[in-house]
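# Topology and contacts: notes
Spelled out, the chains give:
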Amino acid sequence: MIELEHVSKTFGAGCESVEAVSDVSLSIGAGEIFGIIGFSGAGKSTLVRCINMLETPTEGKVTVDGKELTALRPGELRKARSNIGMIFQHFNLMRSRTVYGNIAFPLLDAGLTKEQEREKVRGLLKLVDMEDKENAYPSQLSGGQKQRVAIARALASDPKVLLCDEATSALDPQTTQSILRLLRDLNRELGLTIVIITHEMAVVKEVCHRVAVMENGRVVELGGVFDIFAHPEQPITQDFIRTTSNLQKVYDLLEEKSPVVQLQQDERIVRLTYDSRNVAEPVISVLSREYRVNMSIIFSSIEIIEDAPLGGLVAIMGGEDERIEQALNYLKERNVSVEVIADGRAAE
Amino acid sequence: MAELLNNLIPNVIDKWPDLWIAFGETLYMMVVSGLISFLLGMIFGVVLTVTAEGRIMANKPVFTVLDKVINIFRSVPFIILLAALIPLTRLIVGKAIGTAGAIIPLIFGTVPFFSRQIESALAEVDHGLIEAAQSMGVSPIKIIFRVYLRESIPGIVRGTTITVISLVGLTAMAGAVGGGGLGDFAIRYGYNRNQVDITYATVVILVAVVSLIQGFGNIIIRKTTH
């Protein structure tokens, strides 16, 4: 659906020029929810603007739905853009127009009669669950409601692609969830291809199928969300993933010498990570029952991503040396990676 | 009652019909130069906004020339503009004095100011809205009308109110060089003949006019701000 070939975008000229996007090639399939994650300044916003040519790439080719946008004349490009909806971090609704007026805005030149327009707008309002706000002004709406109106407006021209530029970054976590759920529903019901720009790994985890990690204008890592979460290769990706899990907190506790992590001689702090799709056995029960080791869980962070559990836990494992060794081996056999973080014997 | 007024403001009562003629001349100058200035200032303000760097119709030569010309005219005091424009006025209206002769200088004095007012009103429009409209494939001309102008109606009304009020002041000055109107009236009788009550009467009328304009502007701003 979306093909980027060696896209680069440079701002400014000469020695002051900044290359915001450099040599990015991506292929996003129809019906896919594709995430682009990066810290601010990584070039992700510029990249998404290259998809609908709000920014003209300095180099490279952009093709959306079979049309090479980089080769179109301005008039043709405007027409092609109606096939690509876009929503923004700050919603960008027009204050002077009602909810109805905002949603009808892209339809002004569609040649619809008043009745057709009303029908269309009401249908969109229903889609985003905002039927009762037709005559409200944006200033009377909450952030989440504004984004719903913005989504309805972006969908008014029946686009095949929806670009979301930090669309949930100005929203609280609950509202973010509801907007993401709406996007996922739209993806399933309308077959909409969605590109999500974000700096929050939680957003990617929630809805995306694939994700590209950007750093300094380049895509440094790309893959299915589960694989990226399970085996992040680049340090920046690992950083992002760490933000979604609380397992790292154990290191803070060790540093602070918290009483929680004071070990007896026969205890060890272990970190178990489920990073492949086949962890189905109740390993913790097996450990305590079959191997007679005590497991006292300190932190746990397990997410269901693409219908498979992913994450891990940090626990104090206590018992005889021999049993602990056997237990650790059992875990390895079950595709659970194990890391001993602290050992009570070493503390002596 | 008539007796009291005669004692209190004898000269005003004496020149009563002339006062109304002068007021009519002031209104005439304001309406004609105001309407023309509104149109021109609106066009220039929009051109300044959309041709600036990075905007929807960025055009450096057009922007630079217009920007400089406006600055030049804004830096000339109106009283000097009045004199400097005499040849041009004569060329366009056929004469350089009288109410009609005041129109051209009034336009030259008002348009640059109003253009800046429009420019700053349009600058209030969030760039995100322009970007959103662009992402929908709206053409630049339609963005001007449907986004820039539509979104900044309260700001435009505010700028218009300020400009019309300053225009009241300019018409009074134009009167001083033979343009007629209340300014002329006040100078001729109130100042030159020391008929102070005439000066006060014109002040009262001008204060009323300004209050009306401001009040009217405020109502529209309130109705259009959501």
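Residues numbered from 1 in each chain as written. Chains lettered and ligands numbered in written order. Predicted model: local features only at pLDDT ≥ 70, side-chain atom pairs only at ≥ 80, totals over all residues. Heavy atoms only, no water.

Attention now goes to the overall build of chain A. Of regular secondary structure, chain A possesses twelve helices and 14 strands. The C-alpha extent of chain A, read off along each of the three principal axes, is 80 × 55 × 35 Å. Looking at the 348 residues of chain A, the share that counts as buried comes to 51%. Residue pairs in contact within chain A that sit at least 24 positions apart in sequence constitute 69% of those at least 6 positions apart. For chain A, the exposed surface amounts to about 16300 Å²; the carbon and sulfur share of it is 44%. Of the side-chain charges in chain A, 39 are positive and 51 negative, and the distance between the mean point of each set is 7 Å. (Helix = DSSP H or I, 4+ residues; strand = E, 2+ residues; numbered from the N terminus. Buried < 20%, exposed > 50% of the residue type's maximum accessible area, 1.4 Å probe, protein only. Contact = heavy atoms within 4.5 Å. Areas by Shrake-Rupley, 256 points an atom, 1.4 Å probe, with all protein chains shown as cover. Lys, Arg positive; Asp, Glu negative; His and termini not counted. Charge placed at Lys NZ, Arg CZ, Asp CG, Glu CD.)

Residue and element names in this part refer to chain B. With respect to the secondary-structure elements, Ala-22 resides in helix H3 (residues 16–51). A residue is classified by how much of its surface remains accessible, and Ala-22, at 3% relative accessible area, is buried. Once the C-alpha coordinates of Ala-22 and Ala-186 are considered, the two residues, 164 residues apart in sequence, prove to be 9.5 Å apart. When residues no more than four places from it in sequence are discounted, the contact partners of Ala-22 are Gly-181, Leu-182 and Phe-185.

Turning next to the packing of aromatic side chains. Given two aromatic rings, their pairing is described by the distance between the two centres and the angle made by the two planes. Residue and element names in this part refer to chain B. Enumeration according to the criterion identifies seven aromatic pairs over all chains in this entry. Taking the centre distance of 5.6 Å and the plane angle of 75° together, the rings of Trp-20 and Phe-23 count as edge-to-face. Remark: Phe-23 and Trp-20 occur in helix H3; sequence separation between them is three residues, near one turn of the helix. The partly exposed category is assigned to Trp-20, whose relative accessible area is 43%. (Phe/Tyr/Trp six-rings, centres within 6.5 Å; stacked < 30°, edge-to-face > 60°.)

A word on the sheet that holds strand E7 (residues 161–165) of chain A. Strand pairs in the sheet, formed through backbone hydrogen bonds, run parallel or antiparallel to each other. Residue and element names in this part refer to chain A. With mixed pairing, six strands are arranged side by side in an open sheet as E6-E7-E8-E3-E9-E10. If you trace the sheet from one side to the other, it starts and ends with strand E6 (84–87) and strand E10 (218–224), each paired once. Mean inter-strand twist for the sheet, computed between neighbouring axes without regard to direction, equals 15°. Bridge analysis of strand E9 (residues 210–215) against E10 gives six bridges, and the strand direction is antiparallel. Residue pairing in the sheet places Val-211 in a bridge with Gly-223 of E10. (Pairing = 2+ DSSP bridges. Axes fitted to C-alpha atoms, helices over the stretch in contact; angles between N-to-C directions.)

So, on to the nonpolar core. If you look at the biggest cluster of nonpolar residues, it comprises 54 residues, and the most contacted ones within it are Ile-151, Leu-183 and Ile-196 of chain A. Per-element tally for this core: the top contributor is helix H5 (residues 143–155) of chain A, with six residues. The residue makeup of this core includes at least three contributed by each of domain 1 (2–242) and domain 2 (249–347) of chain A. Apart from residues lying up to four places away in sequence, Leu-183 of chain A is in contact with Ile-151, Leu-162, Cys-164, Ile-194 and Ile-196 of chain A. Core analysis: the second largest hydrophobic core is formed by 53 residues, Val-195 of chain A together with Val-50, Ile-144 and Val-147 of chain B among them. (Core = buried A, V, L, I, M, F, W, Y, C linked by side-chain atoms within 4.5 Å. Domains from an automatic or database assignment.)

What follows is about the interface of chain A and chain B. Each partner contributes residues to the interface: chain A has 22 residues there, and chain B has 19 residues. Together chain A and chain B conceal approximately 1900 Å² of surface at their shared face, both sides included; 54% is due to carbon and sulfur atoms. Per-residue buried area on chain A facing chain B is highest for Arg-78, Ser-96 and Phe-105 of chain A; these three make up 26% of the total on that side. The interface formed by chain A and chain B includes three salt bridges. Notably, a salt bridge pairs Glu-131 of chain B with Arg-49 of chain A, separated by 2.5 Å at the nearest N-O pair. Remark: the boundary between chain A and chain B carries ten residue pairs in polar contact (both at pLDDT 80 or more). Elements represented by at least two residues in the side of chain A that touches chain B include exactly helix H2 (74–81) and E6 of chain A. Within the side of chain A that touches chain B, the residues separate by chemical class into ten nonpolar, five polar and seven charged. (Buried area = accessible area lost by both parts, 1.4 Å probe. Salt bridge = Lys/Arg side-chain N within 4 Å of Asp/Glu carboxyl O. Polar contact = N/O pair within 3.5 Å; in protein donor to acceptor, adjacent residues only side chain to side chain. Nonpolar A, V, L, I, M, F, W, Y, C, P; charged D, E, K, R; others polar.)

All names here are of chain A. In terms of domains, chain A is made up of domain 1 (2–242) and domain 2 (249–347). Here the C-alpha centre of domain 2 lies 40 Å away from the C-alpha centre of domain 1. Carbon and sulfur atoms supply 65% of the area buried between domain 1 and domain 2, which totals about 730 Å² over both sides. The tally of links between domain 1 and domain 2 comes to zero salt bridges. Applying the counting criterion to the domain 1 and domain 2 interface returns zero residue pairs in polar contact (both at pLDDT 80 or more). Considering each element in turn, the side of domain 1 that touches domain 2 owes the most residues, five residues, to helix H8 (residues 225–230). A breakdown of the residues in the side of domain 1 that touches domain 2 according to their chemical character gives five nonpolar, three polar and two charged.

All names here are of chain A. Using the criterion set out here, one finds 20 salt bridges over all chains in the structure. Ionic pairing is found between Arg-122 and Glu-134, a salt bridge with its closest N-O pair at 2.8 Å. Taken together, the positions of Arg-122 in helix H4 (residues 114–127) and Glu-134 in the loop between H4 and H5 put the pair twelve residues apart, joining distant regions of the chain. You can call Arg-122 partly exposed: its relative accessible area is 42%. Among the residues examined, Glu-134 registers a relative accessible area of 13% and is labelled buried. Bridged by salt links that share partners, the residues Arg-268, Asp-321, Glu-325 and Asp-343 form one connected network.

For the rest of this paragraph, the subject is empty space enclosed by the protein. All names here are of chain A. Counted under the stated rule, the structure contains one cavity of 30 Å³ or more. Here the largest cavity is characterised by a volume of approximately 50 Å³. What lines the largest cavity is simply Val-64, Asp-65, Lys-67, Leu-69, Ala-80, Asn-83 and Ile-84. When grouped by side-chain class, the residues that make up the lining of the largest cavity number four nonpolar, one polar and two charged. (1 Å grid on protein atoms, 1.4 Å probe; cavity = no way out; pocket = protein on both sides within 12 Å on 5 of 7 lines; lining within 4 Å. Points joined across faces, edges and corners; volume = space filled by probe spheres on them.)

Burial analysis of helix H11 (residues 181–191) of chain B places eight of its eleven residues in the buried class, which makes it a mostly covered element. Taken as a whole, H11 of chain B has its buried residues at Gly-181, Leu-182, Gly-183, Asp-184, Phe-185, Ala-186, Tyr-189 and Gly-190 of chain B.

All names here are of chain A. Reading across from one edge, E2-E1-E4-E5 is the order of the four strands in this open sheet, with antiparallel pairing throughout. One side of each edge strand has no neighbouring strand; the edge strands of this open sheet are strand E2 (18–28) and strand E5 (67–68). When strand E1 (residues 2–11) meets strand E4 (residues 59–64), the two strands line up antiparallel, connected through five bridges. Its bridge partner being in E4, Glu-5 is matched across the sheet by Lys-61. Running at roughly 125° to E1, helix H1 (residues 44–51) makes contact with E1, E2 and E4 of the sheet.

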